[in-house]
2 protein chains.
Amino acid sequence: MAGGAKARRLPRVVRERQMVDAAVRCFARHGYQAASMDEIAELAGVSKPLVYLYLGSKEELFTACIRREAAALLGAVAAEVGEAEVPPDERLWAGLLAFFTYAAEHPDAWVVLSRQARTHGEPFAGEVARMRDEIVGFVAGLIGEAAGMVIAGRDVEALAQALVGSAESLASWANETPGVTAKEAAATLMNFAWAGLGNLMKSERWSPR
Amino acid sequence: MAGGAKARRLPRVVRERQMVDAAVRCFARHGYQAASMDEIAELAGVSKPLVYLYLGSKEELFTACIRREAAALLGAVAAEVGEAEVPPDERLWAGLLAFFTYAAEHPDAWVVLSRQARTHGEPFAGEVARMRDEIVGFVAGLIGEAAGMVIAGRDVEALAQALVGSAESLASWANETPGVTAKEAAATLMNFAWAGLGNLMKSERWSPR
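From a predicted model like this one, the values you see are computed outputs, not experimental measurements. (Residues numbered from 1 in each chain as written. Chains lettered and ligands numbered in written order. Predicted model: local features only at pLDDT ≥ 70, side-chain atom pairs only at ≥ 80, totals over all residues. Heavy atoms only, no water.)

## Quick look at the overall build of chain A
- Regarding its fold elements, chain A presents 10 helices and zero strands.
- Along chain A, helices and strands appear, N-terminal first, in the series α-α-α-α-α-α-α-α-α-α.
- On the principal axes, the C-alpha backbone points of chain A span a range of 70 × 35 × 30 Å.
- Within chain A, buried positions represent 51% of all 209 residues.
- When contacts within chain A are restricted to residue pairs at least 6 apart in sequence, those whose partners lie at least 24 apart make up 66%.
- Surface exposure of chain A reaches about 9600 Å², of which carbon and sulfur atoms provide 56%.
- Charge centroids of chain A, computed over 22 positive and 26 negative side chains, lie 6 Å from each other. (Helix = DSSP H or I, 4+ residues; strand = E, 2+ residues; numbered from the N terminus. Buried < 20%, exposed > 50% of the residue type's maximum accessible area, 1.4 Å probe, protein only. Contact = heavy atoms within 4.5 Å. Areas by Shrake-Rupley, 256 points an atom, 1.4 Å probe, with all protein chains shown as cover. Lys, Arg positive; Asp, Glu negative; His and termini not counted. Charge placed at Lys NZ, Arg CZ, Asp CG, Glu CD.)

Right, here's the structure in full:
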């Protein structure tokens, strides 16, 4: 079969990426339970046995999606936050802007990470929890670097949890609300997280230098 | 059968409450997919057909759990926030304390609301989304009452999303982290949300009057 011969010419790594792309799209649209391996294979333009051969069960495929998308998101944010010499508010602003931009440009990936992945009791729940812990740990590291002498260790972790939770919630809202840009969402969260509601109610907003 | 005769003496409303209690516990522990109607019936001390007769399918039972627990949580918070005459920081503090106390005292309910309920693509997803929207709307109303002249409408909604997201994240962390009390979690979020990271890094914390 000509199509099959052509398909075999693509390197495995490219095929796998196409399969994971298709899987992210299907999981985002239908949810983990309802997504079908048939549809994923069709969307990727390969046979179902090839999906199983390359990426394993639906559960393993989902885990591959979570791992890839969480790493990509974390990488996009980490690339922008800058070194410890940069003032902490500018690092936070750069990180938030990178985060909301990534979520806006990869809405299916964001749905998979933020909603699908929360499901409790599934076999992949532990994997997903570890990924989120890594992201919280990264944010706690940033807060700790900026304020290690002033804020106690457990409070740093709690603040990181609060910041990650607010970003998750706001990114989903921004993606689902027509006309809200990534920059607007990042600016709102920057004001919330940096200036605080107390200052916002006095019209004292955070603004870039 | 004596047990059956005894069971029938309980009013339906009491039986239903016992069934929903058992369901919340099972859904929290095993997840929606893995939870079994057999175990729920056993835990409630009734027959499985009685669960179906009173509360319908597993999906309807889950929806009943979400509705009851969301209403109870919202009620617990609303009872504490006080009237519009109370200063906004005191209202926020009272609301956060009520929220974290409720989540700490009802850990199974909190798991069901915060994790199970997020699952996308399930038949109950719309119902769950409406419940969360109601909670965000309540918080937006509080922020709007306190700052309606100073903060624009869409920003009020975005800030409510951020605040609800940070509270969700921190409540799960607090429930899973040994030794973190509801009061401690509420105080951390109060400082984050009211004073902001900018002030916390200057050791300027929020404190009650």
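## A closer look at the packing of aromatic side chains
- If you walk through the whole model with that rule in mind, you get 11 aromatic pairs over all chains.
- Arranged with centres 5.3 Å apart and planes meeting at 80°, the rings of A:Phe99 and A:Trp110 form a pair that is edge-to-face. Of the two residues, A:Phe99 is situated in helix α6 (residues 88–105) and A:Trp110 in helix α7 (residues 107–114); the sequence distance between them amounts to 11 residues. Across the pair, A:Trp110 and A:Phe99 agree in class, each one buried.
- Three or more aromatic residues joined by ring pairs form one cluster here, namely A:Phe27, A:Tyr32 and A:Phe62.
- A cation sits over an aromatic face here: A:Arg12 above A:Tyr54, 4.2 Å from the ring centre.
- Above the ring of B:Tyr32, the side-chain terminus of B:Lys58 is found at 5.1 Å from the ring centroid. (Phe/Tyr/Trp six-rings, centres within 6.5 Å; stacked < 30°, edge-to-face > 60°. Lys NZ or Arg CZ within 6 Å of the ring centre and 35° of its normal.)

## Some remarks on the side chain of A:Arg91
Residue and element names in this part refer to chain A.
- Residue placement: Arg91 occurs in helix α6.
- A distance of 2.7 Å separates a polar atom in the side chain of Arg91 from the backbone oxygen of Gly82.
- Apart from the residues lying within four places of it in its own chain, the contact partners of Arg91 are Val81, Gly82, Glu83, Ala84, Val86, Leu142 and Glu145. (Polar contact = N/O pair within 3.5 Å; in protein donor to acceptor, adjacent residues only side chain to side chain.)

## A closer look at the packing of helix α5 (residues 58–78) of chain A against helix α8 (residues 125–147) of chain A
All names here are of chain A.
- In the contact formed by α5 and α8, the axes pass within 10 Å of each other and the chain directions differ by 5°. One finds that α5 runs roughly parallel with respect to α8. For the pair α5 and α8, the contacting residues are Thr63, Ile66, Arg67, Ala70, Leu74, Val77 and Ala78 in the first and Glu127, Val128, Met131, Glu134, Ile135 and Phe138 in the second.
- Its residues assigned to classes, the contact of α5 with α8 comprises nine nonpolar, one polar and three charged. (Axes fitted to C-alpha atoms, helices over the stretch in contact; angles between N-to-C directions. Parallel < 35°, antiparallel > 145°, perpendicular 65-115°, else oblique. Nonpolar A, V, L, I, M, F, W, Y, C, P; charged D, E, K, R; others polar.)

## Structural notes on the relation of the copies chain A and chain B
- Each copy superposes on the other: chain A lies on chain B with an RMSD of 0.0 Å after a rotation of 180° and an axial shift of 0.0 Å. Expressed as an axis order, the relation between the two copies is that of a two-fold axis.
- Both copies present the same face, since 100% of the interface residues in chain A are matched by interface residues at the equivalent positions in chain B. (Least-squares fit on C-alpha atoms with pLDDT ≥ 70 in both.)

## Description of the interface of chain A and chain B
- Opposite the 54 residues of chain A that make contact, chain B presents 54 residues.
- Summed over both partners, the interface of chain A with chain B comes to about 4300 Å²; 61% of that surface belongs to carbon and sulfur atoms.
- Linking chain A with chain B are four salt bridges.
- As a salt-bridge pair, B:Arg205 and A:Asp155 come within 3.4 Å of each other at their nearest N and O atoms.
- On inspection of chain A and its partner chain B, the count reaches 18 residue pairs in polar contact (both at pLDDT 80 or more).
- Listing elements by their share of the side of chain A that touches chain B, those giving two or more residues are α2 (12–30), α6, α7, α8, α9 (153–176) and α10 (182–200) of chain A. (Buried area = accessible area lost by both parts, 1.4 Å probe. Salt bridge = Lys/Arg side-chain N within 4 Å of Asp/Glu carboxyl O.)

## Describing the pattern of salt bridges
All names here are of chain A.
- Applying the stated criterion across every chain, the model contains 20 salt bridges over all chains.
- For Asp108, the salt bridge identified is with Arg29, shortest N-O distance 3.8 Å. Linking Asp108 in helix α7 with Arg29 in helix α2, this pair joins segments that are 79 residues apart in sequence.
- Judged by its relative accessible area of 22%, Asp108 is partly exposed.

## Thoughts on helix α9 (residues 153–176) of chain B
- Its 24 residues place the ends of α9(B) 35 Å apart at the C-alpha level, agreeing with the 34 Å of an ideal helix rising 1.5 Å per residue.
- Counting buried residues in α9(B) gives 19 out of 24 residues, a clear majority hidden from the surface. (Expected span 1.5 Å × (residues − 1).)

## Some details on the UniProt feature "DNA-binding region" (unreviewed entry) in chain A
- Those places that UniProt annotates as "DNA-binding region" (unreviewed entry) correspond, in this numbering, to residues 36–55 of chain A.
- Structurally, residues 36–55 of chain A comprises 80% helix and 0% strand, and the distance from its first C-alpha atom to its last is 14 Å. (UniProt positions renumbered as here; feature names shortened; annotations may be inferred.)

## Comments concerning the environment of A:Pro123
- Within the secondary structure, A:Pro123 is located in the loop between α7 and α8.
- Residues A:Pro123 and A:Glu59 lie 64 residues apart in sequence; the distance between their C-alpha atoms is 7.4 Å.

## Some thoughts on the environment of B:Ser172
Residue and element names in this part refer to chain B.
- Locating Ser172 in the fold gives a position in helix α9.
- Considering only alpha carbons, one finds Ser172 and Val111, 61 residues apart in sequence, at a separation of 7.7 Å.
- Discounting residues that sit within four places of it in the chain, Ser172 has contacts with Trp110 and Ser114.
- At 3.0 Å, the side chain of Ser172 forms a polar contact with the side chain of Trp110.

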